[in-house]
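Architecture and fold: a report
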Amino acid sequence: MAVCGRFAPTPSGRIHLGNILCAMLSWLSVRAQGGRYLLRIEDLDAMRCPRSLADQIEDDLAWFGIDWDEGGSAGGEQWYQSTRSPVYDRYFARLEQQGLLYPCFCSRAELHAAQAPHRSDGTYVYAGTCRGLTPEQVAEKRRKRSPAMRVRVPDRIVSFTDGCQGVYTENLAHDCGDFIIRRSDGVYGYQLAVVVDDAEMGVTEVVRGRDLLESTPRQLYLYETLGLPAPDFYHIPLLTAPDGRRLSKRDGDLDLGVLRMRFGRPEPIVGMLAAAAGLRPTAEPVTLAELAEDFSWDKVSRADIALPPEILRT
């Protein structure tokens, strides 16, 4: 089977160095295997993801040297998740026909008050408060507020081997819980949208940050339940500031606007990231094409990568 990879950014701000590392590694993996590379814009929440920021991402990627075979603005509206609700409707209906969906009326505050943080990232496992509501109770609650929709998960272990992090195992009921696939405002959730899009677009390998590792078992559950082929996963280490703080769009850390003005050309940034990720022994400037010649996942660091202090100088 031909390899197909993708970069799927959320245009809620200028992409930063951590985003570029993800795009770089996913692009290198595909190009090293002679595969097809896609650009999809994950703008499910269109209000906070203006098209102008999506256009800026394309410009930044092109400047960095990353090209794509399909997708982006040249590919048309089907490459923007905000336009794909009719597609998600069909898969939502499949889950509904299997009796796996139910309305949830819990507020965010109620969810956090009812459950202690779970795992290391402070996420919450849903307690199933609305799972057993009667039709009469649902009708009464609908008069007061619109519900989100959750999918029921079984008490079952899901295990898979990640190409970067190794074997990962999770119990859907105890470690995840029933999860939201459509918000109360009608916007589809990431878990359903990403599964449907990757399957329909023929994606065979997904490269993303290890902060999304815990999402994968629930996505594998959806792939199985919907009868869709699942891709291979590579959850890469996070890029952090020297103090260990995760880089974030919210903080404006090293976005491409700053880096483009500072370096003027991409090769020094590519070389720095290549050394940080373990692809090269030194941070000498290098092109993406040169890196693709001998790229291997065996070289990529598994632990989070702290940037050296001098990188943060302006």
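Structural notes, computed from the coordinates.

The rules we used
- Residues numbered from 1 in each chain as written.
- Predicted model: local features only at pLDDT ≥ 70, side-chain atom pairs only at ≥ 80, totals over all residues.
- Heavy atoms only, no water.
- Helix = DSSP H or I, 4+ residues; strand = E, 2+ residues; numbered from the N terminus.
- Rg over C-alpha atoms; globule rule 2.2 N^0.38 Å.
- Buried < 20%, exposed > 50% of the residue type's maximum accessible area, 1.4 Å probe, protein only.
- Core = buried A, V, L, I, M, F, W, Y, C linked by side-chain atoms within 4.5 Å.
- Contact = heavy atoms within 4.5 Å.
- Disulfide = S-S within 2.5 Å.
- Pairing = 2+ DSSP bridges.
- Right-handed = clockwise from strand over helix to strand, strands pointing away.
- Axes fitted to C-alpha atoms, helices over the stretch in contact; angles between N-to-C directions.
- Phe/Tyr/Trp six-rings, centres within 6.5 Å; stacked < 30°, edge-to-face > 60°.
- Salt bridge = Lys/Arg side-chain N within 4 Å of Asp/Glu carboxyl O.
- Polar contact = N/O pair within 3.5 Å; in protein donor to acceptor, adjacent residues only side chain to side chain.

Assigned secondary structure in the chain consists of 11 helices and 12 strands. For the chain, whose C-alpha radius of gyration is 20 Å, the value lies close to the compact-globule estimate of 20 Å for 314 residues. Across its three principal axes, the chain shows a C-alpha extent of roughly 65 × 40 × 35 Å. When burial is assessed residue by residue, the chain has 50% of its 314 residues classed as buried.

Grouped together as the largest cluster of nonpolar side chains are 49 residues, with contacts concentrated most on Leu17, Met24, Phe64 and Leu273. The residues touching leucine 273, leaving out its near neighbours within four places in the chain, are Leu17, Ile20, Leu21, Met24, Phe64 and Leu239. The next biggest cluster of nonpolar side chains, apart from the first, holds 39 residues, and it includes Tyr168, Leu172, Ala193 and Phe233.

Tallying each qualifying case throughout the model produces 0 disulfides. No disulfide involves cysteine 130; its nearest neighbouring cysteine sulfur is the one of cysteine 106, lying 3.7 Å away. For cysteine 130, a relative accessible area of 5% gives the class buried. The cysteine cysteine 164 is free of any disulfide, with cysteine 22 supplying the nearest cysteine sulfur at 10 Å.

Moving on, we get to the pairing of strand β2 (residues 36-39). Pairing between strand β1 (residues 4-7) and β2: 4 bridges, direction parallel. Among the inter-strand pairings, arginine 6 is bridged to a residue of β2, identified as leucine 38. Of the crossover connections in this fold, the one passing from β1 over helix α1 (residues 17-32) to the parallel β2 is right-handed. As defined by bridge partners, β2 adjoins strand β3 (residues 70-71) across 2 bridges and the pair is classed as parallel. The partner of leucine 38 across the bridge, within β3, is glutamate 70.

For the rest of this paragraph, the subject is the sheet that holds strand β8 (residues 179-182). Strand order in the open sheet formed by 3 strands is β4-β5-β8, with antiparallel pairing between adjacent strands. The sheet is open, and its two borders are formed by β4 (101-104) and β8, each paired with just one other strand. Each strand axis lies, on average, 50° off the axis of its neighbour in the sheet, ignoring direction. Of the pairings in the sheet, the one linking strand β5 (residues 148-151) to β8 comprises 3 bridges and is antiparallel in character. Looking at β8, one finds that arginine 150 is bridged to isoleucine 180.

Before going further, it helps to examine the packing of aromatic side chains. Summed over the entire model, instances satisfying the criterion amount to 6 aromatic pairs. Relative to tryptophan 297, the ring of phenylalanine 295 has its centre 5.3 Å away and its plane inclined at 80°; by these criteria the two rings are edge-to-face. For phenylalanine 295, a relative accessible area of 12% translates into the label buried. The rings of Tyr88, Phe92 and Tyr188 are connected pair by pair, giving a single aromatic cluster.

Moving on, we get to the sheet that holds β3. The sheet built from 3 strands is open, its strands ordered β1-β2-β3 with parallel pairing. Every other strand in the sheet has two partners, leaving β1 and β3 as the edge strands with one partner each.

Across all of its chains, the model carries 23 salt bridges by this definition. Of the charged contacts in the structure, one is a salt bridge between glutamate 70 and arginine 36, with a shortest N-O distance of 2.3 Å. Note that glutamate 70 is positioned in strand β3 and arginine 36 in strand β2, a separation of 34 residues in sequence. Classification of arginine 36 by relative accessible area gives partly exposed; the value is 31%. Salt bridges sharing partners connect three or more residues here, namely Arg6, Arg40, Glu42, Arg84, Arg90, Asp197, Asp198 and Glu200.

The buried fraction of strand β10 (residues 232-236) amounts to 4 of the 5 residues, a majority that puts the element mostly inside the structure. When strand β9 (residues 205-209) meets β10, the two strands line up parallel, connected through 5 bridges. Along β10, the bridge assignment pairs valine 206 with phenylalanine 233. Taken together, β9, helix α8 (residues 216-226) and β10 form a β-α-β motif whose crossover is right-handed.

Its place among the elements puts serine 29 in helix α1. In this structure serine 29 comes out as buried when scored by relative accessible area, which is 1%. Along the chain, serine 29 and threonine 216 lie 187 residues apart, while their C-alpha atoms are 20 Å from each other. Polar side-chain contacts of serine 29 include one of 3.0 Å to the side chain of tryptophan 297.

Bringing helix α10 (residues 267-277) into the picture now. α10 sits mainly inside the fold: 8 of its 11 residues count as buried. Looking at α10, one finds that the buried residues are Pro268, Ile269, Val270, Gly271, Met272, Leu273, Ala274 and Ala277. Where α10 terminates, the next one or two residues include glycine 278, which has phi positive at roughly 95°.

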